[in-house]
Amino acid sequence: LKGHFKEDFSYRTRVGMAPRAGHIDRDAPYKRIATEEAWTFPALVKAQVENSDIAAGSLVHGAVIRNSLIRREVVVEEDVVIEDSIIMDASVIKRGARIRRSIVDRYNTIDAGDRLGYDLDLDRKRHHVTASGIVVVAKAPFRADTRRHW
C-alpha cells in the first residue's frame, strides 16, 4: 500500500482532510465504484429526531421524528410529527401533517394538516391498512417536480 501513495490529495486539503501518506498513484490498478448517492448532498436536518435515520438529500425543518426511517430526497416541513413510520424517496410532507405507524411510498405528497394512522376507518377509505393497523400509502406516479436538484 505504501507504494501507491505519492503526493498530497489536493481535494482533501481543500475540504480540510489532511492526507496521512500522500496521494494515491494514478497508475495503480484501482476500480471506480459507482454509488447511488455519489452526487447527493447530506441530509439537512433542523428538527427533534429520536431513534430515527434520515438519508442523504433530505430536508427536515422544525419537525419531530421518532422511531422512523426517512429515505432520500424527502422534504419534511415545519410542525410535522412522524412516529413509527417509513417515508420513502422523493416524498413531501407538508406543514402540520401527523403520521403514525405508516409507510408512505415514493413520490407522495402528504397535504398540510393531514393525519395518517390516527383514524384507521378514515385511512381505510383512502389507503390500504394492514391487519396490524399500519397505513400503507401506495407509490404515486413519478412527477418531474418531485426530483429536487438542490
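Not measured: the values here are computed from a predicted model. (Residues numbered from 1 in each chain as written. Predicted model: local features only at pLDDT ≥ 70, side-chain atom pairs only at ≥ 80, totals over all residues. Heavy atoms only, no water.)

**Student:** I'm lost on the overall build of the protein chain in this one. Help?
**Tutor:** The helix and strand tally for the protein chain stands at two helices and 14 strands. Classification of the 150 residues of the protein chain by burial places 35% in the buried group. Of all intrachain contacts in the protein chain linking residues separated by at least 6 positions in sequence, the fraction that spans at least 24 positions is 16%. Of the roughly 9,900 Å² of accessible surface on the protein chain, a fraction of 52% belongs to carbon and sulfur atoms. (Helix = DSSP H or I, 4+ residues; strand = E, 2+ residues; numbered from the N terminus. Buried < 20%, exposed > 50% of the residue type's maximum accessible area, 1.4 Å probe, protein only. Contact = heavy atoms within 4.5 Å. Areas by Shrake-Rupley, 256 points an atom, 1.4 Å probe, with all protein chains shown as cover.)

**Student:** Even after reading the chapter, I still don't get the nonpolar core, so can you show me in this structure?
**Tutor:** The nonpolar side chains of a soluble globular protein tend to be buried, and buried together. Residues Val-76, Ile-82, Ile-87 and Ile-93 are the most contacted members of the largest nonpolar core, which totals 19 residues. Put simply, the parts of the chain that give this core at least two residues each are strand S3 (59-66) and strand S14 (135-137). Ranked by the residues each element gives to this core, the list is headed by S3, at three residues. (Core = buried A, V, L, I, M, F, W, Y, C linked by side-chain atoms within 4.5 Å.)

**Student:** Mind showing me how you'd approach the pattern of salt bridges here?
**Tutor:** Enumeration over the complete set of coordinates arrives at 10 salt bridges. As a salt-bridge pair, Asp-79 and Arg-98 come within 3.5 Å of each other at their nearest N and O atoms. Remark: Arg-98 occurs in strand S9 (residues 98-100) and Asp-79 occurs in the loop between strand S5 (75-76) and strand S6 (81-83); sequence separation between them is 19 residues. Asp-121 is paired through a salt bridge with Arg-124; the nearest N and O atoms lie 3.5 Å apart. In this pair, Asp-121 and Arg-124 are both assigned in helix H2 (residues 120-126), three residues apart and thus about one turn of the helix distant. Residue classification places Asp-121 among the exposed positions, given a relative accessible area of 56%. Judged by relative accessible area, Arg-124 falls into the partly exposed class, the value being 46%. Overlapping salt bridges bring together Arg-71, Arg-72, Asp-89 and Arg-106 as one network. (Salt bridge = Lys/Arg side-chain N within 4 Å of Asp/Glu carboxyl O.)

**Student:** What am I meant to see in the packing of aromatic side chains here?
**Tutor:** How two aromatic rings sit relative to each other is set out by the distance from centre to centre and by the angle between their planes. Taken as a whole and judged by the stated rule, the model has zero aromatic pairs. The lysine or arginine in question, Arg-100, covers the ring of Tyr-118, its NZ or CZ lying 4.0 Å from the ring centre. Here the basic side chain of Arg-115 rests over the ring of Tyr-118, its NZ or CZ set 4.3 Å away from the ring centre. (Phe/Tyr/Trp six-rings, centres within 6.5 Å; stacked < 30°, edge-to-face > 60°. Lys NZ or Arg CZ within 6 Å of the ring centre and 35° of its normal.)

**Student:** Hey, could you run me through unusual backbone geometry in this one?
**Tutor:** Comment: phi is negative for the bulk of residues other than glycine, and the bulk of peptide bonds are trans. Even without being a glycine, Asn-67 presents a positive backbone phi close to 50°. Assignment of secondary structure puts Asn-67 in the loop between S3 and strand S4 (69-70). Positive phi values are uncommon outside glycine, yet Tyr-107 reaches one of about 65°.

**Student:** In this structure, what is going on with the environment of Ser-68? I would like to understand it.
**Tutor:** For Ser-68, the location among the structural elements is in the loop between S3 and S4. Considering only alpha carbons, one finds Ser-68 and Ile-87, 19 residues apart in sequence, at a separation of 8.0 Å. Those residues in contact with Ser-68 that sit more than four places away from it in its chain are Asn-51, Ser-52, Asp-53, Ile-82, Glu-83, Asp-84 and Ser-85. A distance of 3.1 Å separates a polar atom in the side chain of Ser-68 from the backbone nitrogen of Ser-85. (Polar contact = N/O pair within 3.5 Å; in protein donor to acceptor, adjacent residues only side chain to side chain.)

**Student:** Just to check I follow, could you spell out the sheet that holds strand S7 (residues 86-87) for this structure?
**Tutor:** Two modes of strand pairing occur in sheets, parallel and antiparallel, and in both the strands are linked by backbone hydrogen bonds. Spatially, the six strands line up as an open sheet ordered S2-S4-S7-S10-S14-S13, and their pairing is mixed. Looking along the sheet, the strands with just one partner apiece sit at the ends: strand S2 (53-54) and strand S13 (128-129). Bridge analysis of S4 against S7 gives two bridges, and the strand direction is parallel. Bridge pairing in S7 places Leu-69 opposite Ile-86. (Pairing = 2+ DSSP bridges.)

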